[in-house]
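Coordinate analysis (summary)
The chain contents come next:
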Amino acid sequence: MRRTAATALTSIALVALILALAPPSHADVKTIDLRFAPSETDEDLAPTVPADVLSIPIRVEDVTDGRPGQADPAVIGRFRHKEVEVHADRPVTAHVTDTVHRLLEGWNLTVAPGASRALESELRLFEVEVDKGAFNANVHVLFRLRDDDRETYTFQAIHAGHDGTVGLRGKEANYNQVLSNALREAVVVLLSDTKFHEALRGDAGSIVVTLISPANLLDRLIPLQRAGAAESALLEVVEARRIRGPFTDADVAAWNEAGIPDAVLGEAIRRAE
């Protein structure tokens, strides 16, 4: 059957409408083999750690992911002015955990699984931005030192690292180099921090953050809840504390009975040890 001009125009209009209503295409993805490959040896940039601190046993916990607004944990960067995301081929937290272990042991700290002092690390930023031939990496890590014997946190600080280089966008080594250098710098700053040294020694002058149980935290939330505090205000109370867990079924039932919002309860459970 012969198509008329009107029919052809109608078909074109229909196709255009379908394309307009279709969801936008995803950004292009460049996936790299994420590995620790700094531009210099670890010995070149060793931190300043007193000899007595080197002999104090420390337990290194698995790194957690606290990057704000991170919908996809595999994303570690982007190309400026282009819809291209940089993805890691392995979990970023596992990579950072392995690297922290390697660096501490390589710099002669006493890493021991059964130590009563535990280093906790939470990623806050881990990204590389590529602008034409320029690579810029930034790594921010929240470090905490937990003293199991005293049930306290004796150190807390965010330390950052940065590195940049120039090279070909298709060369995987450039991404790993700047991210590795930035991560290592953050760990160097931590290990050179005199407050961290004090905390490892157990000195009284160290910052102490006491752990709080789910029941005691609920006791602090109930008056706020009854006074009509917003969910965001309750979340701030939870986020400002370290919680000694785990949450039992009885704890969860008590929080639900008190009318604590699900989002607040969920955040408290996530933060519990």
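Preceding this paragraph is the structure being described.
Residues numbered from 1 in each chain as written. Predicted model: local features only at pLDDT ≥ 70, side-chain atom pairs only at ≥ 80, totals over all residues. Heavy atoms only, no water.

Thoughts on a negative patch on the surface
Where like charges cluster on the molecular surface, the negative patch consists of Asp28, Asp72, Glu83 and Glu85. With respect to the helices and strands, the residue Glu85 is situated in strand E5 (residues 84–88). Glu85 sits in the partly exposed class, given a relative accessible area of 31%. (Patch = residues over 30% accessible without salt bridge, like charges linked within 9 Å, V, L, I, M, F, W, Y side chains within 5 Å. Areas by Shrake-Rupley, 256 points an atom, 1.4 Å probe, with all protein chains shown as cover. Salt bridge = Lys/Arg side-chain N within 4 Å of Asp/Glu carboxyl O. Lys, Arg positive; Asp, Glu negative; His and termini not counted. Charge placed at Lys NZ, Arg CZ, Asp CG, Glu CD. Helix = DSSP H or I, 4+ residues; strand = E, 2+ residues; numbered from the N terminus. Buried < 20%, exposed > 50% of the residue type's maximum accessible area, 1.4 Å probe, protein only.)

Details of the packing of helix H3 (residues 92–106) against helix H4 (residues 172–191)
Look at H3 against H4: their axes get within 11 Å of each other, and the N-to-C directions meet at 50 degrees. Considered as vectors, H3 and H4 are oriented oblique to each other. Two packed elements cross with a definite hand, and for H3 against H4 that hand is right-handed. Along its contact with H3, which presents Val96, Thr99, Val100, Leu103 and Leu104, the element H4 presents Leu183, Arg184, Val187 and Leu191. When its residues are assigned to classes, the contact of H3 with H4 shows seven nonpolar, one polar and one charged. (Axes fitted to C-alpha atoms, helices over the stretch in contact; angles between N-to-C directions. Parallel < 35°, antiparallel > 145°, perpendicular 65-115°, else oblique. Left-handed = near helix turned anticlockwise from the far one by under 90°. Contact = heavy atoms within 4.5 Å. Nonpolar A, V, L, I, M, F, W, Y, C, P; charged D, E, K, R; others polar.)

Focus: the packing of aromatic side chains
Two aromatic rings, taken as a pair, are described by how far apart their centres are and by the angle between their planes. All told, the structure shown has three aromatic pairs when counted by the stated rule. Consider the rings of Phe247 and Trp255, whose centres lie 5.3 Å apart with planes at 70 degrees: the pair is edge-to-face. Its relative accessible area of 14% is what places Phe247 among the buried residues. Judged by relative accessible area, Trp255 falls into the buried class, the value being 0%. (Phe/Tyr/Trp six-rings, centres within 6.5 Å; stacked < 30°, edge-to-face > 60°.)

What about the packing of helix H6 (residues 214–226) against helix H7 (residues 231–239)?
At a minimum axis separation of 10 Å, H6 and H7 run at an interaxial angle of 160 degrees. The orientation of H6 with respect to H7, classified from their angle, is roughly antiparallel. H6 and H7 meet at a crossing whose hand is right-handed. For the pair H6 and H7, contact is made by Leu217, Leu221, Leu224 and Gln225 and by Leu234, Val237 and Val238, respectively. Considered class by class, the residues forming the contact of H6 with H7 number six nonpolar, one polar and no charged.

Topic: H4
For H4, with 20 residues, the first-to-last C-alpha span of 29 Å sits near the 28 Å given by 1.5 Å per residue. Among the 20 residues of H4, 15 are classified as buried, and the element is accordingly described as predominantly covered. (Expected span 1.5 Å × (residues − 1).)

Considerations on the environment of His162
When you line up the elements, His162 lands in strand E9 (residues 152–166). Through-space distance from the C-alpha of His162 to that of Arg184 is 9.3 Å; in sequence the pair is 22 residues apart. When near neighbours in sequence (up to four residues on either side) are disregarded, His162 contacts Asn136, Ala137, Asn138, Ala182 and Glu185. Side-chain polar atoms of His162 contact the backbone oxygen of Ala137, separated by 2.9 Å. (Polar contact = N/O pair within 3.5 Å; in protein donor to acceptor, adjacent residues only side chain to side chain.)

So, the environment of Asn256
With respect to the helices and strands, Asn256 occurs in helix H8 (residues 249–257). By relative accessible area, which is 41% here, Asn256 ends up partly exposed. When residues no more than four places from it in sequence are discounted, the contact partners of Asn256 are Asp262 and Leu265.

What about the nonpolar core?
Counting residues in hydrophobic clusters, the biggest one holds 46 residues, and the most contacted among them are Ile76, Leu104, Phe126, Val187, Leu191 and Phe196. Not counting residues within four places of it along the chain, the set of residues in contact with Leu104 comprises Ile58, Val60, Leu109, Val111, Leu119, Val187 and Leu191. Among the nonpolar cores identified, the runner-up in size contains 17 residues, and Leu234, Phe247, Leu265 and Ala268 belong to it. (Core = buried A, V, L, I, M, F, W, Y, C linked by side-chain atoms within 4.5 Å.)

Digging into the pattern of salt bridges
Per the stated rule, a full pass over the model turns up 17 salt bridges. Across the pair Arg67 and Asp65 runs a salt bridge whose closest N-O atoms are separated by 2.6 Å. One salt bridge connects Glu120 with Arg146, and the closest N-O pair in it is separated by 2.1 Å. Taken together, the residues Glu120 in strand E7 (residues 117–131) and Arg146 in strand E8 (residues 134–147) connect sequence positions 26 residues apart. Note on accessibility: Glu120 and Arg146 belong to one class, buried. Members of the salt-bridge network, linked through shared partners, are Arg59, Glu61, Glu120, Arg146 and Asp148.

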